[in-house]
Amino acid sequence: MNDTISNGAALPAHSDRIRVDLQLIADMVEPGTRVLDIGCSDGELLGYLTRTKNVDGRGLELSNEGVRNCVAKGLPVMQGDADRDLGDYPDGAFDYAILSQTLQATHRPKEVLSELLRIGKKAIVSFPNFGHWRARFDLMFRGRMPQNPNLPIMWYETPNIHFCTVLDFVAMCEEMGLTIERSMVLNESGSKLSLGSQTRFSNFLGNQALFMLSK
Amino acid sequence: MSTAANTEKRPPLPGHHMVLGETDKLRLDSGVEFGPFTLAYQTYGELNADKSNAILVCHALTGDQYVADDVHPITGKEGWWSEIVGPGKIIDTNKYFVICSNVIGGCLGSTGPKDINPETGKPWGLDFPVVTIADMVRAQTMLIDALGIDMLFAVIGGSMGGMQVLEWCKSYPERVYAAAPIATSFRHSAQNIAFHEVGRQAVMADPDWCGGNYLLEGKKPSRGLAVARMTAHITYLSQPALHRKFGRKLQNRGAITYSFDQDFQVESYLRHQGKSFVDRFDANSYLYITRAMDYFDLSLEHDGRLADAFTGCKTRFCVVSFSSDWCFTTGESRILAHALNAASCNVSCVEIESDKGHDAFLLDEPDFHMVLSGFIQGAAEGRGLK
């Protein structure tokens, strides 16, 4: 098993091992900060940040089951929807607003993104890259919507309604006047790909994309 | 005094009684300076050396201080939250010092309308001042002061108990480390006020209520109070729960009787609920306490901006609602949670799937217990309690 992340950092203690792509997000977060994790699921990232980085973390999660599991772990999480429920949070209430693998499932991704950067000084966003060569292959040669381990659900059942490519996302950030502080693409298992700064390569080879943004 | 008082005489109730407000009286919302008065309370477990492990449990409308006793002194049943509070339980009395006091205006040992007004030598009746949720909490702070506790580790309660929890956090945020308002709201809804009014009118329509002077007259408005309880009890359940439990089943008979006898099991059940309630509850207390709930609205002082009631509050909250509760809906809890968010408070908000209605918070609901347990443990770590 080799899920060492690419910057060569030592693996965390076994009990604190989290999904590789979440680990990459966690590595972007400075210790002792305030974090809002939107779509926090069972609280894997939130719990990790609380335990190992001493962050003051909060979560927002759509599924009742996810919320229940988080609160049962002692994590402060409430039931809510990224499209609807971000408006209550005060401006600048968090150092980071994290939206992991959720942007593509929102109704108004652009509004959600600007809400993230109203609430948080920085936004950390990850999403599946539709510009990945396999997606292109599926469309071009199979003539079918992409289906792969990261996008396993058929088009008629998927919660993902707003797909984009890395280039699309970068264009939106430019249009919104946002600063891309960091960006990287990940392979299918969630590990970072080292591709230099060529966005076109990243867009072709990256399965998922991860951005840190600021205003 | 008249013979009437004798019918109410019972051996003194077990547990602690503290006389408060002898020098500094209790200033009620109505403007009345009230005191001295008594609060009856129970404690479970031991207060630790730095007095950091105290949990105040707040009881609901018809609850009382016997939250975790094995045998309730009047009903003979287990305490109302024995499921949750006790050695090794979610609110672990091996670890925490649990306090539960009967609210002011109540009838289980704390000063209320059935007690003697020292100025007249007669029971207070309707001369008892109207009390509010804030008054109940103010009285509790005097008890907590007297016990030498600065900060409560947690304040926890359901329904009206949850209203007290919220009032504590709004008025004394520096004294509450963690708060669990359960199946409750920051305000009493029009529908809830309406049901309470039905209950009060039922009591007042009973000729034995005697304009509130039934104790002096040697009477007891049992029929009116029973009807009030029957109505209220329906609101604590849910349509599916009632149907599951009773359906249209007949009570000890094979066919309907073409009469107004209790043909249906649900009728028999409600009559039993009404009857057993009047044995343990004072009718005037019921009027006063329902009124306190009706008056509750935390957003009132802030021109409807609920978030302003919690500005700067450092307490960590766990707001819990139940999906089939139509007295205190998840919608209400979400308004509360959003306001707490807007005030930058630390808040968890969970809806528990249950078809048992409002009463679910008193019943065996594993998901609820899992959530409450996790919240308390997380808070205990935060507070450094072992």
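In case you missed it, the structure is sitting above this.
Note that this is a predicted model, so its numbers are computed, not measured.

### Topic: the overall build of chain A
Okay, step 1: The secondary structure content of chain A amounts to 7 helices and 8 strands.
Okay, step 2: Against the globule reference of 17 Å for 215 residues, chain A gives a C-alpha radius of gyration of 17 Å, in line with a compact fold.
Okay, step 3: Its C-alpha atoms give chain A principal-axis dimensions of about 50 × 40 × 35 Å.
Okay, step 4: In chain A, which comprises 215 residues, the proportion classed as buried is 51%.
Okay, step 5: For chain A, contacts bridging at least 24 residues in sequence account for 66% of all contacts bridging at least 6.
Okay, step 6: As displayed, chain A has an accessible area near 10,200 Å², and 51% of this comes from carbon and sulfur atoms.

### Remarks on the packing of aromatic side chains
All names here are of chain B.
Okay, step 1: Counted by the stated rule, this structure contains 24 aromatic pairs over all chains.
Okay, step 2: The interplanar angle of 85 degrees and the centroid separation of 5.8 Å between the aromatic rings of Phe310 and Phe317 together place this pair among those described as edge-to-face.
Okay, step 3: On the basis of relative accessibility, which here comes to 0%, the residue Phe317 falls in the buried class.
Okay, step 4: Clustering of aromatic rings is evident, with ring pairs tying together Phe34, Phe37, Trp124, Phe128 and Tyr288.

### Overview of the interface of chain B and chain A
Okay, step 1: Counting residues at the interface gives 22 residues for chain B and 20 residues for chain A.
Okay, step 2: Summed over the shared surface of chain B and chain A, the result is 2 salt bridges.
Okay, step 3: Of the charged contacts in the structure, one is a salt bridge between B:Asp367 and A:Arg68, with a shortest N-O distance of 3.5 Å.
Okay, step 4: At the junction of chain B and chain A, the tally comes to 11 residue pairs in polar contact (both at pLDDT 80 or more).
Okay, step 5: At the level of elements, helix H10 (330-342), strand E14 (346-352) and helix H11 (366-383) of chain B are the ones that each hand at least two residues to the side of chain B that touches chain A.
Okay, step 6: Examining the composition of the side of chain B that touches chain A, we find that 7 residues originate from one element, E14(B), more than from any other.
Okay, step 7: When grouped by side-chain class, the residues that make up the side of chain B that touches chain A number 11 nonpolar, 7 polar and 4 charged.

### Observations concerning helix H7 (residues 239-246) of chain B
Okay, step 1: Backbone nitrogen of B:Ala241 and a side-chain oxygen of the N-cap are separated by 3.1 Å at the start of H7(B); the cap is B:Ser238.
Okay, step 2: Looking one or two residues beyond H7(B), the residue adopting positive phi is B:Gly247, at roughly 50 degrees.

### Brief notes about the environment of B:Phe317
Residue and element names in this part refer to chain B.
Okay, step 1: Looking at the element boundaries, Phe317 is found in strand E13 (residues 316-322).
Okay, step 2: Linking Phe317 and Ala154, residues 163 residues apart in sequence, is a C-alpha distance of 9.6 Å.
Okay, step 3: Setting aside anything within four residues of it in sequence, one finds Phe317 in contact with Leu166, Cys169, Ala179, Pro181, Phe310, Leu340, Cys345, Asn346, Val347, Ser348 and Phe375.

Thresholds, definitions, all that
Numbering of residues starts from 1 in each chain and follows the order in which that chain's sequence is written. Chains and ligands are labelled by the order in which they are written, letters from A for the one and numbers from 1 for the other. Only residues with pLDDT of at least 70 get local features here, since the model is predicted, and only at 80 or more are side-chain atom pairs given and counted; chain-wide, interface and lining totals rely on the full set of residues. Only hydrogens and water are set aside when side-chain values are computed; all heavy atoms of the structure are taken into account. Here a helix means four or more residues in a row that DSSP labels H or I, a strand means two or more in a row labelled E, and each is numbered from the N terminus. Radius of gyration here is computed from C-alpha atoms only, and the compact-globule reference equals 2.2 Å multiplied by the residue count raised to the power 0.38. Whether a residue is buried, partly exposed or exposed follows from its accessible area with a 1.4 Å probe, protein chains only, as a fraction of its type maximum: under 20%, in between, or over 50%, in that order. Here a residue-residue contact requires only that any non-hydrogen atoms of the pair lie within 4.5 Å. Here the accessible surface of atoms and residues is derived via Shrake-Rupley with a 1.4 Å probe, and residues count as covered only by protein chains that are part of the display. Between the rings of Phe, Tyr and Trp (Trp by its six-membered ring), a pair exists once the centres lie within 6.5 Å; its type follows the angle of the planes, with under 30 degrees stacked, over 60 edge-to-face, and the other angles tilted. A pair is scored as a salt bridge if a Lys or Arg side-chain nitrogen falls within 4 Å of a carboxyl oxygen belonging to Asp or Glu. Between N or O atoms, a polar contact is any pair within 3.5 Å; within protein, one atom must be a potential hydrogen donor and the other a potential acceptor, and residues adjacent in sequence are included only when both atoms are from side chains. Each residue is assigned to one of three groups, with Ala, Val, Leu, Ile, Met, Phe, Trp, Tyr, Cys and Pro labelled nonpolar, Asp, Glu, Lys and Arg labelled charged, and all others, Gly among them, labelled polar.

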